[in-house]
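Examining the three-dimensional arrangement
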Amino acid sequence: MKTLFVAPTGDIKSLTSISLALVEALRKAGLKVGFVRPIGEDNNRSEQLYRELFNDETPTPILEGDVNNAIRNGAYDDLLEAVVGRVTEAAKGFDIVVVEGLTYHSSRPYTHDLNADIARTLCAGVVFAGNSLANTPEEVAAHFDLNAYIYSESHIWLAGYIINHVKDPKAIEKTVTFCQTDFCRSLDTLGIIPENEALKSDIDAIHFIAQQLELAPLIEALKASQSNRMPPSAFRYKLIQSAQKADRRIVLPEGDEPRTLRAAAICAERGIARCVLLGDVATIESVAKAHNIHLPDRGIEMIDPKTLVEKYVPGFVERRKHKGADEAVAREALKDSVVVGTMMLAEGDVDGLVSGAVHTTADTIRPAFQLIGTDKNSKLVSSIFFMLMKDQVHVYGDCAVNPNPTPEQLADIAIQSAESAKIFGIEPRVAMLSYSTGTSGAGEEVEKVAKATEIAKEKAPDLLIDGPLQFDAASVLSVGQQKAPNSPVAGRATVFIFPDLNTGNITYKAVQRSANVVCIGPMLQGLAKPVNDLSRGALVDDIVYTIAITALQASPKA
């Protein structure tokens with residue numbers, strides 16, 4: 001799916017006419033185009049006109065009151081996820097969706113920032129719409145120029161501009177001249193629409209504007225293949241949707257921990273997963289009451305792990321008999337709720353496990369190593385973090401498990417991480433990181449990364465991977481073009497593989513804290529069944545998304 005975001009500039013009153021005219025013109029060019037105005041009022045004019053013109057329905061918008069509440073209550077990310085949901089719904093059956101932006105009003109001073117964030121979240125091409133009736137040619141150009149600057153800060157494709165209500169034909173050339181300055185210089189002119197006082201209705205206006213549009217460069221750009229980005233809000237939305245479809249049963253060994261309890265309640269209410277809380281049932285209910293957490297009647301189970309010990313003793317002994325385990329050893333080990341949860345997973349009674357809000361990483365991972373082991377295609381277990389950067393979700397690996405991987409192990413980590421990225425809709429372009437780019441430096445650590453890169457290329461010849469690359473060469477396009485001009489990855493990496501645990505752990509924490517980035521993980525990869533660890537400082541949302549990730553890992557498609 002591709003999206004075009006129609007962004008209002010200046011004093012514009014005819015944004016819906018321009019948006020629907022764009023839909024009509026693109027459809028006449030043979031493209032399959034849908035439409036949505038994601039924010040508005042009930043039964044708004046956009047919906048009515050779209051229905052009348054195209055005999056089709058568009059999703060109901062998010063009401064402006066709900067937008068105000070989301071912004072006031074710190075739920076801005078949830079708002080963007082809701083917008084993604086509306087656009088995704090509108091895209092069904094279409095290849096392209098035209099998204100109408102929100103016009104400015106003094107009652108919503110957030111308009112410009114929200115429009116830019118929506119366009120960035122959708123990875124949309126932006127079509128600026130201006131009004132020459134209300135603004136002089138100089139003002140129209142100034143509005144375009146300012147908005148082009150705002151949107152270019154978010155690395156958004158600026159697809160072109162349309163100017164409506166050009167009353168003086170002699171002013172057309174003048175207007176276009178003004179619009180070829182500064183940031184507007186590279187924008188395509190998609191339509192200069194003359195004023196037409198003979199138009200009797202909105203429908204007439206839409207048809208008239210559509211006839212005036214010159215969309216050849218836009219259509220060519222839409223037909224061209226584009227590399228996919230995965231912005232954070234789109235990632236979260238798709239993650240939750242996929243988890244809901246997976247409908248997995250996830251065990252939470254820290255069942256009486258308040259954040260875990262609240263996360264389980266959210267997962268039940270939203271249908272993200274069916275959570276099994278391990279702990280004394282009376283204690284769980286007491287903690288929920290003390291923290292004002294409502295436990296839904298459906299979607300949550302509470303089980304005292306003591307009642308499961310005897311059930312799992314034989315399986316534990318079987319899995320650990322090569323280490324001399326007997327029933328006494330099994331019963332002692334099964335006093336730990338994480339071990340009980342891991343046995344539930346090993347025996348197929350649950351689909352995944354999430355722990356770590358109280359337990360250490362070792363406490364969570366060790367039983368998984370001992371009782372579940374690696375999958376048939378993996379020689380080691382590694383980890384990744386999903387780093388929700390402003391414009392793109394990045395994958396960092398390995399930042400939690402392997403202290404000093406060999407070149408062979410580093411190659412396996414790269415391939416595992418790329419496969420995990422694919423599962424979650426992120427196009428993998430893998431950067432093997434080092435303190436040197438290409439052959440600019442030498443040393444044992446650089447040679448390790450270079451060798452690992454070659455091994456990974458041999459094992460996965462279709463994978464876009466390059467290294468050694470410095471972090472800036474991997475992540476910043478201008479630096480990548482300068483330092484590694486022939487690299488298929490430099491400047492566009494989505495998966496970052498660190499040479500050792502020391503470097504990876506320090507970097508992810510530095511980025512997370514310094515840039516105030518949401519970080520989901522570590523997600524373990526290479527295990528036969530999904531087990532995921534939490535930071536002991538995890539927020540409720542972190543736990544919810546980790547449960548969703550675990551549910552998706554456990555789905556057959558994963």
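One numbering rule holds for all chains: residues counted from 1, following each sequence as written. This being a predicted model, a pLDDT of at least 70 is required before a residue's local features are given, and a value of 80 or more before pairs of side-chain atoms are given or counted; all residues contribute to the totals for chains, interfaces and linings. Values reported for side chains reflect all heavy atoms of the structure, with hydrogen atoms and water molecules removed beforehand.

**Focus on the domain arrangement of the protein chain**
In terms of domains, the protein chain is made up of domain 1 (2–227) and domain 2 (374–526). Just so you know, the domain bounds were taken from an automatic or database domain assignment. One C-alpha centre belongs to domain 1, the other to domain 2; they are set 38 Å apart.

**Concerning the packing of helix 10 (residues 232–246) against helix 22 (residues 540–553)**
At a minimum axis distance of 8 Å, the contact between helix 10 and helix 22 shows a crossing angle of 55°. On the basis of their axis angle, the class for helix 10 and helix 22 is oblique. Seen from above, helix 10 lies across helix 22 with left-handed handedness. Residue-level contacts link Arg236, Leu239, Ile240, Ser242, Ala243 and Ala246 of helix 10 to Tyr545, Ala548, Ile549, Ala551 and Leu552 of helix 22. In this classification, Asp, Glu, Lys and Arg are treated as charged, Ala, Val, Leu, Ile, Met, Phe, Trp, Tyr, Cys and Pro as nonpolar, and every other residue, Gly included, as polar. Here the contact of helix 10 with helix 22 is composed, by residue class, of nine nonpolar, one polar and one charged. With axes taken as lines fitted to C-alpha atoms, and helix axes fitted only over the stretch in contact, angles between N-to-C directions fall between 0 and 180 degrees. Secondary structure elements follow DSSP: runs of H or I of four or more residues count as helices, runs of E of two or more count as strands, with numbering from the N terminus. Any angle from 65 to 115 degrees is called roughly perpendicular, while one under 35 is roughly parallel, one over 145 is roughly antiparallel, and all others are oblique. A clockwise turn of the near helix away from the far one marks a right-handed crossing, whereas an anticlockwise turn of less than a right angle marks a left-handed crossing. Every residue pair with non-hydrogen atoms within 4.5 Å of one another is taken to be in contact.

**So, helix 11 (residues 258–270)**
Relative to the 18 Å expected for 13 residues at 1.5 Å per residue, helix 11 spans 18 Å between its end C-alpha atoms, a close match to the ideal helical length. The complete set of buried residues in helix 11 reads Thr260, Leu261, Ala263, Ala264, Ala265, Cys267 and Ala268. In this structure, the buried residues of helix 11 make contact with strand 9 (249–252), strand 10 (274–278), helix 12 (281–290), strand 11 (300–303) and helix 22. Phi turns positive one or two residues past the end of helix 11, at Gly271, with a value near 70°. Each residue after the first adds 1.5 Å to the expected span of a helix. Note on classification: 1.4 Å probe, protein chains only; a residue is buried when its accessible area is under 20% of the maximum for its type, exposed when over 50%, partly exposed between these limits.

**Re the pattern of salt bridges**
Any Lys or Arg side-chain nitrogen found within 4 Å of a carboxyl oxygen on Asp or Glu counts as a salt bridge. Tallying each qualifying case throughout the model produces 25 salt bridges. A salt bridge links Asp351 to Arg248; its shortest N-O distance comes to 3.9 Å. Of this pair, Asp351 sits in the loop between helix 15 (337–346) and strand 12 (352–355) while Arg248 is found in the loop between helix 10 and strand 9, placing the two residues 103 residues apart along the sequence. Overall, the relative accessible area of 18% leaves Arg248 in the buried class.

**Some points on the sheet that holds strand 5 (residues 96–100)**
When DSSP finds two or more bridges between a pair of strands, those strands are recorded as paired. If you trace the six strands from one edge of the open sheet to the other, you get 2-5-1-6-7-8, paired in parallel fashion. Unpaired on one side and paired on the other, strand 2 (33–36) and strand 8 (189–194) mark the two borders of the sheet. Along the sheet, successive strands turn relative to each other by an average axial angle of 20°, direction set aside. Pairing of strand 1 (residues 2–8) with strand 5 involves five bridges; the strand directions are parallel. Considered in strand 5, the bridge of Lys2 is made with Ile96. Where helix 1 (residues 15–28) meets the sheet, it contacts strand 1, strand 2, strand 5, strand 6 (125–131) and strand 7 (157–166), and its direction lies at approximately 165° from that of strand 2.

**A closer look at the nonpolar core**
We define the nonpolar core as a collection of buried residues of types Ala, Val, Leu, Ile, Met, Phe, Trp, Tyr and Cys that are connected through side-chain atoms lying within 4.5 Å of one another. Formed by 65 residues in total, the largest nonpolar core has its most connected members in Phe235, Phe386, Val430, Met432 and Ile547. Among the elements that take part in this core, helix 22 stands out by supplying nine residues, more than any other. Counting 39 residues, the second-largest nonpolar core is a separate cluster that includes Ala70, Leu122, Val126 and Tyr237.

**Side note on unusual backbone geometry**
For the peptide bond that leads from Gly397 to Asp398, omega is -15°, which places it in the cis range. Of note, the bond from Gly521 into Pro522 is cis; its omega dihedral lies within 30 degrees of zero at 5°. Relative to the assigned elements, Pro522 resides in strand 18 (residues 518–525). For Asp247, which is not glycine, the phi dihedral falls at a positive 50°. Positive phi values are uncommon outside glycine, yet Asn292 reaches one of about 55°. Tracing the backbone shows Asn292 in the loop between helix 12 and strand 11. Given the relative accessible area of 69%, Asn292 is considered exposed.

**Quick look at the packing of aromatic side chains**
Pairing of aromatic side chains requires ring centres within 6.5 Å, counting the rings of Phe and Tyr and the six-membered ring of Trp. Pairs whose planes differ by under 30 degrees are stacked, by over 60 edge-to-face, and all others tilted. All chains considered together, the criterion is met by twelve aromatic pairs. Taking the centre distance of 5.0 Å and the plane angle of 40° together, the rings of Phe144 and Tyr161 count as tilted. With Phe144 in helix 6 (residues 137–152) and Tyr161 in strand 7, this residue pair connects regions lying 17 residues apart in the sequence. A residue is classified by how much of its surface remains accessible, and Tyr161, at 0% relative accessible area, is buried. Ring geometry for Tyr396 against Phe496: centres 5.6 Å apart, planes inclined by 70°, an arrangement best described as edge-to-face. Highlighted residues: Tyr396 in strand 14 (residues 393–397) and Phe496 in strand 17 (residues 495–497), separated in sequence by 100 residues. Like Tyr396, the residue Phe496 is buried in the burial classification.

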